[in-house]
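# Results of the structural survey
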Amino acid sequence: MVKYRHSCYYRSKIGRQWLPSKLECEAMGAHLLVVTDTEENDFIYNVLFRDEPNFEIFTGGFRLMEESTYQWITGEPWTFANWNPLEPSLAVWDTGESEECVCITGQWNWTDIPCNQTRMFVCEF
Ligand SMILES: [Ca+2]
């Protein structure tokens, strides 16, 4: 658990699909990571995953299948994003499988991926 500004952050020990990740955070009284500004985004890279440049984690960013815009599970405004220039793609490029969950990657940017993929995740308190 790491404290930063007004929140504490918990790194999962194992990877899960997005929905079980969300539920595990909620069971702890937390929510999946919500990144609301560049300082918090930098904290994730510079502190939480400083020694793991290839990390990939689920966040609390998602979209409804019928919509093309993303939102945070907490309902906080979507005021900041750090998408890869080619993202969000909304679908897997070759299979067309829908992508509805936001993943932060070690390439210093975000991508959307299918929610049924397995990733580590961060809970925010
Ligand atoms: Ca994508």
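Residues numbered from 1 in each chain as written. Predicted model: local features only at pLDDT ≥ 70, side-chain atom pairs only at ≥ 80, totals over all residues.

So, about the overall build of the protein. The helix and strand inventory of the protein stands at two helices and eight strands. Shown N-terminal to C-terminal, the secondary structure of the protein runs as helices and strands in the order β-β-α-β-α-β-β-β-β-β. Compactness check: the protein gives a C-alpha radius of gyration of 13 Å against a globular reference of 14 Å for 125 residues, within 12% of the reference. The burial tally for the protein puts 25% of its 125 residues in the buried class. Put simply, of all contacts in the protein between residues at least 6 apart along the chain, 65% involve residues at least 24 apart. (Helix = DSSP H or I, 4+ residues; strand = E, 2+ residues; numbered from the N terminus. Rg over C-alpha atoms; globule rule 2.2 N^0.38 Å. Buried ≥ 20, exposed ≤ 12 C-beta atoms within 10 Å, placed from the backbone. Contact = placed C-beta atoms within 7 Å.)

The next point concerns the UniProt feature "domain: C-type lectin" (unreviewed entry) in the protein. Summarizing the sequence annotation, UniProt attributes the feature "domain: C-type lectin" (unreviewed entry) to residues 4–124 in the numbering used throughout. The distance from the first to the last C-alpha atom of residues 4–124 is 10 Å, and the span holds 17% helix and 26% strand. (UniProt positions renumbered as here; feature names shortened; annotations may be inferred.)

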